[in-house]
Amino acid sequence: MSNGVSVDGISDKGENVFLDEENEKKQITTEADAIKETQQEIIALCSKNGGQGNEKLMTLLKTYDSSGNPNRIKDIGQVS
């Protein structure tokens, strides 16, 4: 036991100290999934509205990424 935590992740108080790590990983996965889903929705919407041939659409996309590539948007807060 080191600093009150055993090798199996149980503290000397009987608490699972790895629980927060597991929840953090789930949150990261959820955030990554949300970003990917948002990117796919943007791509579908763009395709429906003319894609790269739509100048207004491309101008709008370039406000989020200089290339206009929805897959390069990595911050979901940026587009919500």
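First things first, this report covers the structure right here in the doc. (Residues numbered from 1 in each chain as written. Predicted model: local features only at pLDDT ≥ 70, side-chain atom pairs only at ≥ 80, totals over all residues. Heavy atoms only, no water.)

## Focus: the environment of leucine 61
Then, in step 1: Here leucine 61 shows up in helix H2 (residues 55-61).
Then, in step 2: In this structure leucine 61 comes out as buried when scored by relative accessible area, which is 8%.
Then, in step 3: Residues leucine 61 and valine 79, spaced 18 residues apart in sequence, show a C-alpha to C-alpha distance of 9.7 Å. (Helix = DSSP H or I, 4+ residues; strand = E, 2+ residues; numbered from the N terminus. Buried < 20%, exposed > 50% of the residue type's maximum accessible area, 1.4 Å probe, protein only.)

## Re the side chain of threonine 38
Then, in step 1: On the secondary structure map, threonine 38 appears in helix H1 (residues 19-48).
Then, in step 2: Classification of threonine 38 as buried rests on a relative accessible area of 18%.
Then, in step 3: Ignoring any residue separated from it by four or fewer positions in sequence, one finds threonine 38 in contact with Ile76 and Val79. (Contact = heavy atoms within 4.5 Å.)

## Details of the nonpolar core
Then, in step 1: Counting six residues, the largest nonpolar core is built from Ile42, Cys46, Leu57, Met58, Leu61 and Ile73.
Then, in step 2: Of all the secondary structure elements, the ones that give two or more residues to this core are H1 and H2.
Then, in step 3: Take this core: its biggest share by element is three residues, from H2.
Then, in step 4: Those residues in contact with cysteine 46, other than ones at most four positions away along the chain, are Gly51, Leu57 and Leu61. (Core = buried A, V, L, I, M, F, W, Y, C linked by side-chain atoms within 4.5 Å.)

## Some points on the pattern of salt bridges
Then, in step 1: What the rule picks out here adds up to one salt bridge.
Then, in step 2: A salt bridge links arginine 72 to aspartate 65; the shortest N-O distance between them is 3.8 Å.
Then, in step 3: You can call arginine 72 partly exposed: its relative accessible area is 49%.
Then, in step 4: Using a relative accessible area of 11% as the deciding quantity, one classes aspartate 65 as buried. (Salt bridge = Lys/Arg side-chain N within 4 Å of Asp/Glu carboxyl O.)

## Let's talk about empty space enclosed by the protein
Then, in step 1: Here the structure, examined in full by the defined rule, presents one cavity of 30 Å³ or more.
Then, in step 2: Approximately 30 Å³ is the volume found for the largest cavity.
Then, in step 3: Taken together, Ile35, Thr38, Gln39, Ile42, Ile73, Asp75, Ile76 and Val79 form the lining of the largest cavity.
Then, in step 4: Where the lining of the largest cavity is concerned, the elements lending two or more residues are H1 and helix H3 (76-79). (1 Å grid on protein atoms, 1.4 Å probe; cavity = no way out; pocket = protein on both sides within 12 Å on 5 of 7 lines; lining within 4 Å. Points joined across faces, edges and corners; volume = space filled by probe spheres on them.)

## Considerations on the side chain of glutamine 39
Then, in step 1: Relative to the assigned elements, glutamine 39 resides in helix H1.
Then, in step 2: Classification of glutamine 39 as buried rests on a relative accessible area of 9%.
Then, in step 3: Engagement of the side chain of glutamine 39 in a polar contact is seen with the backbone oxygen of asparagine 71, the distance being 3.0 Å.
Then, in step 4: Once residues lying within four places of it in the same chain are set aside, the contact partners of glutamine 39 are Pro70, Asn71, Arg72, Ile73 and Lys74. (Polar contact = N/O pair within 3.5 Å; in protein donor to acceptor, adjacent residues only side chain to side chain.)

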